Amino acid sequence: MSEILEKVQSIIAEKLSVNPADVTPEKSFSDDLGADSLDTAELVLDFENAFGIKMPQEEMENIITVGDAVNAIEKLIAEK
Amino acid sequence: MELQRVVITGMGALTPVGNNVDDYWDALLKGVSGTGPITHFDPEKFETRFACEVKGLTVEDFIPKKTIARMDLCAQYAMISTMEALEDSGLDLERINKDRVGVIIGSGIGGFTSMMDSAISFIASDRVPRFSPYLLIKVLGDVISGHISLKYGFSGPNYITSAACASAANAIGDAMHLIQLGKADIIVTGGTEASINETAIGGFNAMHALSTRNDDYMHASRPFDSKRDGFVMGEGAATLILERLDHALARGAKIYGEICGIGMTADTYHITAPAPDGKSAAASMRLALQDAGIKPEEVDYINMHGTSTPQGDISECIAIQSTFGDHARKLLLNSTKSMTGHLLGAGPAVESVAILKSIQNNIVHPTINIEKLDERIPQDWNFCAQGPVQHPIDVVMSNSFGFGGHNVSLLYKRYVE
């Protein structure tokens, strides 16, 4: 579980040029981490590639925070 | 209506021979070639394996990493040369009316490299589309000016011009016109190009447009020389700050020179080959002179298109002969491309920087690599082949011609009240 979070944190930190330590589960992509709609779409692509999953559109719309992303990824991995 | 006068108050340059205006100008005076082996890709199987690349640049020193990810290299280059030009202009960005500031940049090819890279990855993959949402904003050329307006909040006219190797000349011309007509106070203008990639080198090779002097590449860009065999691909950007004269005077700006005329024609001869009689190229030079109200004999120096292609250089000389007649022998002539290579759409912008430095310093940079002038070129013309030439420089023409038959001539002059 923490392994997924760690990987997600490093992907986000790299993509958004933020400190990995600031990428905590409660942080909002748009309000706290400065991501816009293009960044979010790019991040979803990176998650898909990193975890070998495909994130459905409706799933994406519910992702507001880093924690939401981690939960969605865990769910998709479990369903694989 | 009376046209407003337009002056240049800031410059930036990012070129294969220098990454800022001072280094660029020093290199031009010293006759430094920017040519080297291609490093942007593995050129082993290509007919041409050298080019004039930008060297020693760390883009992260200028643009945040996150923004870089959204920009093709050509947009990054334009941003970096614009940052230099704006700083050089001394404009107080807090005080100017940004609604009256526009951005017009020329680029012949735009973000083609990003398109190519993305297509290659797609084809090499399982063909399930995983395109980056950043892809199209990197490919589309117009975002070059879009990024600059976004960074600085310049909300005036904003677009790019595309006319192959004359692109930046059209951008600079449009910028001049808009200020002349009172549609803007300041236009950030110039050109950018970053297309040293497999398809551009391969494509230009297929057209036999590039030099293939692989064993002696430092002497490959040799405009007007009898042994020239094509142009050398370059890359980079330059930015000029064009400003309404009274706006510049009111803020006590440093003035490099005045832009006072443009001529534009089309060859209507062939899609790539220049018309051998140079008729339309001559017409563009004449129109520029008329536009500026300047007589041919008042011109001191022509920064020529001079790409080092067998046909192009001859056509341009014929056109100069027919426009300037006897005065052609008295002109100082040179080709910046002998050192920078051919920056395609950005060429007219980096060459305009050289022109304005010439007006400022009364010195004209050399054309390097001329060993024996092509015998079809008048042998008494002065291409500054021996080194830089000191001479009063008050009126200068810049010629740019592009595939497609585009001809553009710009006229610059020393600013005097």
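Residues numbered from 1 in each chain as written. Chains lettered and ligands numbered in written order. Predicted model: local features only at pLDDT ≥ 70, side-chain atom pairs only at ≥ 80, totals over all residues. Heavy atoms only, no water.

Here we take up the nonpolar core. Residue and element names in this part refer to chain B. I8, L240, L242, I259 and Y412 are the most contacted members of the largest nonpolar core, which has 50 residues in total. Those elements that provide at least two residues to this core are β1 (6-14), α1 (21-30), α7 (167-180), β7 (236-244), β8 (257-266), α13 (347-361), β11 (363-364) and β14 (406-413). For this core, the element with the most residues is α7, which contributes eight residues. Two domains each provide a minimum of three residues to this core, namely domain 1 (7-250) and domain 2 (260-413). Not counting residues within four places of it along the chain, the set of residues in contact with L240 comprises I8, G10, M11, I172, I187, V188, T189, S352, V353, L356 and Y412. Of all hydrophobic cores here, the second largest spans 29 residues; its members include F224, C317, A319 and L333. (Core = buried A, V, L, I, M, F, W, Y, C linked by side-chain atoms within 4.5 Å. Buried < 20%, exposed > 50% of the residue type's maximum accessible area, 1.4 Å probe, protein only. Helix = DSSP H or I, 4+ residues; strand = E, 2+ residues; numbered from the N terminus. Domains from an automatic or database assignment. Contact = heavy atoms within 4.5 Å.)

This next bit is on the pattern of salt bridges. Side chains that differ in sign of charge can pair as their charged atoms come close. In the structure shown here, the tally under the stated rule is 24 salt bridges over all chains. The partner of R329 of chain B in a salt bridge is D380 of chain B, and the shortest N-O contact between them spans 3.9 Å. Linking R329 of chain B in the loop between α11 (310-324) and β10 (332-334) with D380 of chain B in the loop between β11 and β12 (389-390), this pair joins segments that are 51 residues apart in sequence. Look at R329 of chain B and you get partly exposed, because its relative accessible area is 45%. Each of the salt bridges in this network shares a partner with another, and the network as a whole consists of D36 and D39 of chain A together with K66 and R70 of chain B. (Salt bridge = Lys/Arg side-chain N within 4 Å of Asp/Glu carboxyl O.)

Another point: the domain arrangement of chain B. Residues and elements named next belong to chain B. Domain boundaries in chain B define domain 1 (7-250) and domain 2 (260-413). For domain 1 versus domain 2, the distance between C-alpha centres works out to 21 Å. Contact with domain 1, which involves 62 residues of that partner, is made by 62 residues of domain 2. Buried surface at the junction of domain 1 and domain 2, summed over both partners, amounts to about 4700 Å²; 70% is from carbon and sulfur atoms. It is W25, C165 and F224 that lose the most area in domain 1 upon contact with domain 2, and together they represent 19% of the buried surface on that side. Where domain 1 meets domain 2, there are three salt bridges. One salt bridge connects D374 with R228, and the closest N-O pair in it is separated by 2.9 Å. There are 20 residue pairs in polar contact (both at pLDDT 80 or more) connecting domain 1 and domain 2. The element that contributes the greatest number of residues to the side of domain 1 that touches domain 2 is α7, accounting for eight residues. When the residues that make up the side of domain 1 that touches domain 2 are grouped by side-chain class, the tally is 34 nonpolar, 21 polar and seven charged. (Buried area = accessible area lost by both parts, 1.4 Å probe. Polar contact = N/O pair within 3.5 Å; in protein donor to acceptor, adjacent residues only side chain to side chain. Nonpolar A, V, L, I, M, F, W, Y, C, P; charged D, E, K, R; others polar.)

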